[in-house]
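Single-letter residue listing:
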Amino acid sequence: MVRRLGFLLMGAGLLFSVSSAKAQVPMSGEFVAEASCFATPSIRSDNNPGRIVTEPGRHYDLIGRNAMPGSHYLIRVPGADPERRWVPYGCGRVTDGNSSADRGASPPPAGGKADSFVLAASWHPAFCETRPKRTDCRSGGVAGHGLSLHGLWPQPRGREYCGVSAAVRAADESGRWRDLPPVEISAATREALARVMPGTVSQLDRHEYWTHGTCYDGDAEAYFVQSIRLIDELNASPVRDLFANAIGRELSAAEIRAAFDKAFGAGAGARVLLDCESDAAGRRLVGELRISLRGAPGQGASLGELIRAGDATAPGCRAGRVDAPGFG
């Protein structure tokens, strides 16, 4: 009886192994992210150790898919624990792996003063479409001021939390932004920041300063004054008109890049990456623009000058719908 039970258990284990193997279809090549998507160890669970999110334009080793035709790709994310992560098909595309583009290794944080940045300018209605419970999204997301300020990020990627205590970093990484120390800026700057960054009501300003602003060459006042200036220059350009006239329809990365060339000079568009998000209905929405800059924002250089000196970047998402304010 015991021997028979042992055989039955061995058979069940073998069947489980076969079923698990069939659940994954091996693939080779690369997965190129076109949107910011959660990358989870399991398709059936939202648990995401390390809060891993794919980066548009970044290349990842492709391991397989969950089925044929399936719904998810299995990729390798260097530095994640575990490294093998699942992402939905709509998050990007697969290639044969022969591209010479960035393979996804994160460069180490640099010391000294940063002279390279990314200006992240978001389309707030799309942000709210995918996060309706956020305090700044109760009305469905504003668009009257154009693109909103997400942040100004000293580069290279990974240059974060400069001189920040372990307790502050832990609070930030766990999403407890209300527990972060308040940002010390003037009343005038705080008013201007609230105008361009709707997320201040959710303490986005605290998150951005302690994560990125601490690596800026200057205090919180200087960091936000220059961030506000740059987003205002962007919204004073034809790029804002492009978005205003495209509400409700799809806008391509090529159109956006052409608008940057027109607004800021030839080659500016090659410094712009389009990040898309998918809503509950599966629509791909324009999420934000990530604009490469080089120079010292606090020394009077215009946005156009900083963009033209910036590093070229991948286009990211090929196209997305410009979501209207409100839900649905």
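Small disclaimer: the values here were computed from a predicted structure and weren't measured.

**A word on the side chain of His-59**
Inspection of the secondary structure assignment puts His-59 in strand β3 (residues 59-65). On the basis of relative accessible area, His-59 is assigned to the buried category, the value being 6%. One polar contact links His-59 to Glu-30, side chain to side chain, over a distance of 2.8 Å.

**Observations regarding the pattern of salt bridges**
By the definition in use, this model includes 15 salt bridges. Salt-bridge contacts for Glu-233 lead to Arg-229; the nearest nitrogen and oxygen are separated by 2.6 Å. In this pair, Glu-233 and Arg-229 both sit in helix α6 (residues 220-235), four residues apart, roughly one turn of the helix. The closest approach of N and O atoms between Asp-275 and Arg-290, which form a salt bridge, is 2.9 Å. Here Asp-275 is found in strand β10 (residues 272-278), whereas its partner Arg-290 is found in strand β11 (residues 284-294), with 15 residues between them in sequence. Both residues of the pair, Asp-275 and Arg-290, belong to the buried class.

**Comments concerning the packing of helix α4 (residues 187-196) against α6**
One can describe the packing of α4 onto α6 by two numbers: an axis separation of 10 Å at closest approach and a directional angle of 40 degrees. As far as their axial angle goes, α6 and α4 are oblique. Considering how the two elements wind past one another, α4 and α6 form a crossing that is left-handed. Here Thr-189, Ala-192, Leu-193, Arg-195 and Val-196 of α4 lie close against α6, whose contacting residues are Glu-221, Phe-224, Val-225, Ile-228, Ile-231 and Asp-232.

**Re the state of the cysteines**
The tally for this structure, following the rule as stated, stands at three disulfides. Paired by a disulfide, Cys-162 and Cys-215 hold their sulfur atoms 2.0 Å apart. Looking down the S-S bond of the Cys-162 and Cys-215 bridge, the torsion is 100 degrees, so its handedness is right-handed. One end of the pair, Cys-162, is in the loop between β8 (148-154) and α3 (166-173); the other, Cys-215, is in the loop between α5 (204-211) and α6, with 53 residues separating them in the sequence. With a relative accessible area of 5%, Cys-215 lands in the buried category. The residue that forms a disulfide with Cys-276 is Cys-317, at a sulfur-sulfur distance of 2.2 Å. Handedness of the Cys-276-Cys-317 disulfide follows from its S-S torsion of about -90 degrees: it is left-handed. One end of the pair, Cys-276, is in strand β10; the other, Cys-317, is in the loop between α9 (303-308) and β12 (319-321), with 41 residues separating them in the sequence. On the basis of relative accessibility, which here comes to 0%, the residue Cys-317 falls in the buried class.

**Digging into the nonpolar core**
One finds Leu-234, Phe-243, Phe-260, Leu-289 and Leu-293 to be the most contacted residues of the largest nonpolar core, which totals 72 residues. The biggest single contributor to this core is α6, with seven residues. Residue contacts for Leu-293: discarding those within four places in its chain leaves Asp-115, Ser-116, Phe-117, Leu-119, Leu-152, Leu-230, Leu-303, Leu-306, Ile-307 and Gly-310.

**Regarding the packing of aromatic side chains**
Applying the stated criterion across every chain, the model contains nine aromatic pairs. Between Phe-31 and Tyr-73 the ring centres are 5.8 Å apart and the planes differ by 55 degrees, which places this aromatic pair in the tilted class. With Phe-31 in strand β2 (residues 30-33) and Tyr-73 in strand β4 (residues 72-76), this pair connects stretches of sequence that are 42 residues apart. For Phe-31, a relative accessible area of 0% gives the class buried. Judged by its relative accessible area of 10%, Tyr-73 is buried. Each ring, one from Phe-260 and one from Phe-264, has its centre 5.6 Å from the other, and the planes form 40 degrees; the classification is tilted. Taken together, the residues Phe-260 and Phe-264, both in helix α8 (residues 253-264) and four residues apart, mark about one turn of the helix. The residues Phe-260 and Phe-264 share a single accessibility class, namely buried.

**Quick look at the side chain of Asp-172**
With respect to the element layout, Asp-172 can be found in helix α3. Put simply, Asp-172 is tucked away with no salt bridge, and the nearest opposite charge, on Arg-51, sits 5.7 Å away. A distance of 2.4 Å separates the side chain of Asp-172 from the side chain of Tyr-161, its partner in a polar contact. Excluding residues within four positions of it along the chain, Asp-172 makes contact with Arg-51, Tyr-161, Trp-177, Leu-180, His-207 and Thr-211.

**Observations concerning the confidence of the model for the protein**
This prediction gives the protein a mean pLDDT of 84; 86% of its residues lie at or above 70. At the level of individual helices and strands, the protein shows its lowest average pLDDT in helix α1 (residues 2-22), which scores 41, and its highest in α6, which scores 98. For the stretch residues 5-23, pLDDT sits under 50, and the model shows four contacts to residues farther than four places along the chain or on other chains.

**Details of the environment of Gly-175**
Following the sequence through the fold, Gly-175 ends up in the loop between α3 and α4. Overall, Gly-175 belongs to the partly exposed group, its relative accessible area being 42%. Measuring from C-alpha to C-alpha, the distance between Gly-175 and His-207 comes to 8.6 Å, with 32 residues separating the pair along the chain.

Rules of the game
Counting of residues starts from 1 at the beginning of each chain's written sequence and follows it residue by residue. In view of the model being predicted, local features appear only for residues whose pLDDT reaches at least 70, and side-chain atom pairs are presented and counted only at 80 or more, with totals across whole chains, interfaces and linings using the full set of residues. Working from all heavy atoms in the structure, the side-chain values ignore hydrogens and water. Secondary structure follows DSSP: runs of H or I at least 4 residues long count as helices, runs of E at least 2 residues long count as strands, and numbering of each begins at the N terminus. Only protein chains enter the accessibility calculation, which uses a 1.4 Å probe; a residue whose area is less than 20% of its type maximum is buried, one above 50% is exposed, and one in between is partly exposed. The definition of a polar contact used here is a pair of N or O atoms within 3.5 Å, where within protein one atom must be able to donate a hydrogen and the other to accept one, and adjacent residues in sequence count solely through side-chain atom pairs. Salt-bridge detection follows one rule: a side-chain nitrogen of Lys or Arg within 4 Å of a carboxyl oxygen of Asp or Glu. All axes are obtained by fitting lines to C-alpha atoms, using only the stretch in contact for helices, and the reported angles, taken between N-to-C directions, cover 0 to 180 degrees. For classification purposes, angles smaller than 35 degrees are called roughly parallel, those larger than 145 roughly antiparallel, those between 65 and 115 roughly perpendicular, and all remaining angles oblique. Each crossing gets its handedness from the near helix: less than a right angle anticlockwise from the far helix is left-handed, clockwise is right-handed. Whether two residues touch is decided by their heavy atoms; if any such pair falls within 4.5 Å, the residues are in contact. Only a pair of cysteine sulfur atoms within 2.5 Å counts as a disulfide in this structure description. Each nonpolar core is a collection of buried residues, namely Ala, Val, Leu, Ile, Met, Phe, Trp, Tyr and Cys, held together in the definition by side-chain atoms within 4.5 Å. Any Phe, Tyr or Trp ring, taking Trp's six-membered ring, that has another such ring centre within 6.5 Å forms a pair; planes under 30 degrees apart are called stacked, those over 60 apart edge-to-face, and the others tilted. When charges are counted, Lys and Arg contribute as positive and Asp and Glu as negative, whereas His and the chain ends are disregarded. For every residue, the predictor reports its confidence as pLDDT, a number between 0 and 100.

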